[in-house]
Amino acid sequence: MYYLVIAYDTPSDKRRTRLVKVLKRYGERRQFSLFEARVNRDQLAKLEQDLIRVVDEADDTLAIYLLTPETLKRTFRIGHGALKSLEEPDFV
């Protein structure tokens, strides 16, 4: 399993809407332009393909951070206690 934090920025409302639709298929929105996801290898490859089709490299910024299980143990949140953790089995 891969644990991801995905952040994006785009000036285009149309691309933003498309990005959100793609990202919601793989994870949960945590903030306006930030998602968390837990995916397997095949899903990660498909996610990358889907995002490449949407993102305009000249205007947009998108970053995917892969977190290891060890890194997850060293993370914490303040607020939004009802949000599920990436480690929970029914996250996606």
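Residues numbered from 1 in each chain as written. Predicted model: local features only at pLDDT ≥ 70, side-chain atom pairs only at ≥ 80, totals over all residues. Heavy atoms only, no water.

K.L.:
Looking at this model, I keep getting lost on helix α1 (residues 13-24). Mind explaining?
P.N.:
Each full turn of the α-helix corresponds to 3.6 residues, which orients residues three or four apart in the same direction. Over its twelve residues, α1 runs 16 Å from end to end, which matches the ideal 16 Å to within 8%, given 1.5 Å per residue. Taken together, the buried positions of α1 are occupied by Arg15, Arg16, Leu19, Val20, Val22 and Leu23. Projection of α1 onto a plane perpendicular to its axis shows the buried side chains occupying an angular sector of 165°, all on one side. Of the exposed residues in α1, those oriented more than 90 degrees away from the buried face are Asp13, Lys14, Lys21 and Lys24. Residues of α1 that are buried make contact with β1 (2-9), β2 (27-31), β3 (34-39), α2 (41-54) and β4 (61-67). (Helix = DSSP H or I, 4+ residues; strand = E, 2+ residues; numbered from the N terminus. Expected span 1.5 Å × (residues − 1). Buried < 20%, exposed > 50% of the residue type's maximum accessible area, 1.4 Å probe, protein only. Arc of directions from axis to C-beta. Contact = heavy atoms within 4.5 Å.)

K.L.:
Would you mind showing me how to read the pattern of salt bridges here?
P.N.:
Any two side chains of opposite charge can pair, on the condition that their charged atoms come close. As enumerated under the stated definition, the model contains eight salt bridges in all. Here Arg15 and Asp59 are joined by a salt bridge, their closest N and O atoms 3.9 Å apart. Separated by 44 residues along the polypeptide, Arg15 in helix α1 and Asp59 in the loop between α2 and β4 bring together distant segments of the chain. For Asp59, a relative accessible area of 45% gives the class partly exposed. Taking the shortest distance from any N to any O, the salt bridge between Arg15 and Asp60 comes out at 2.7 Å. With Arg15 in helix α1 and Asp60 in the loop between α2 and β4, this residue pair connects regions lying 45 residues apart in the sequence. The pair formed by Arg15 and Asp60 is uniform in burial state, with each residue classed as buried. A single network of salt bridges, built from pairs that share partners, joins Arg25, Lys46, Asp50 and Arg53. (Salt bridge = Lys/Arg side-chain N within 4 Å of Asp/Glu carboxyl O.)

K.L.:
Looking at this model, I keep getting lost on the packing of aromatic side chains. Mind explaining?
P.N.:
Geometry of an aromatic ring pair is reported as the spacing of the ring centres plus the angle between the planes. What the rule picks out here adds up to one aromatic pair. A ring pair is formed by Tyr8 and Phe35, whose centres lie 6.5 Å apart and whose planes are at 35°; its orientation type is tilted. Of this pair, Tyr8 sits in strand β1 while Phe35 sits in strand β3, and the two are 27 residues apart along the sequence. For the pair Tyr8 and Phe35, one class covers both residues: buried. Looking at Arg29, its charged tip hangs above the ring of Phe32, at a distance of 5.0 Å from the centre. (Phe/Tyr/Trp six-rings, centres within 6.5 Å; stacked < 30°, edge-to-face > 60°. Lys NZ or Arg CZ within 6 Å of the ring centre and 35° of its normal.)

K.L.:
Help me out: how do you make sense of the pairing of β3 in this one?
P.N.:
Walk down a regular strand and you will see the side chains alternate between the two sheet faces. Of all the six residues making up β3, five are buried; the element is thus mostly covered by neighbouring parts of the structure. Across six bridges, β1 lies against β3 in antiparallel orientation. By the bridge assignment, Val5 is partnered in β3 with Glu36. Of the pairings in the sheet, the one linking β2 to β3 comprises four bridges and is antiparallel in character. When the bridges of β3 are listed, Gly27 appears paired with Ala37. Linking β2 to β3, which pair antiparallel, is a turn of two residues. (Pairing = 2+ DSSP bridges.)

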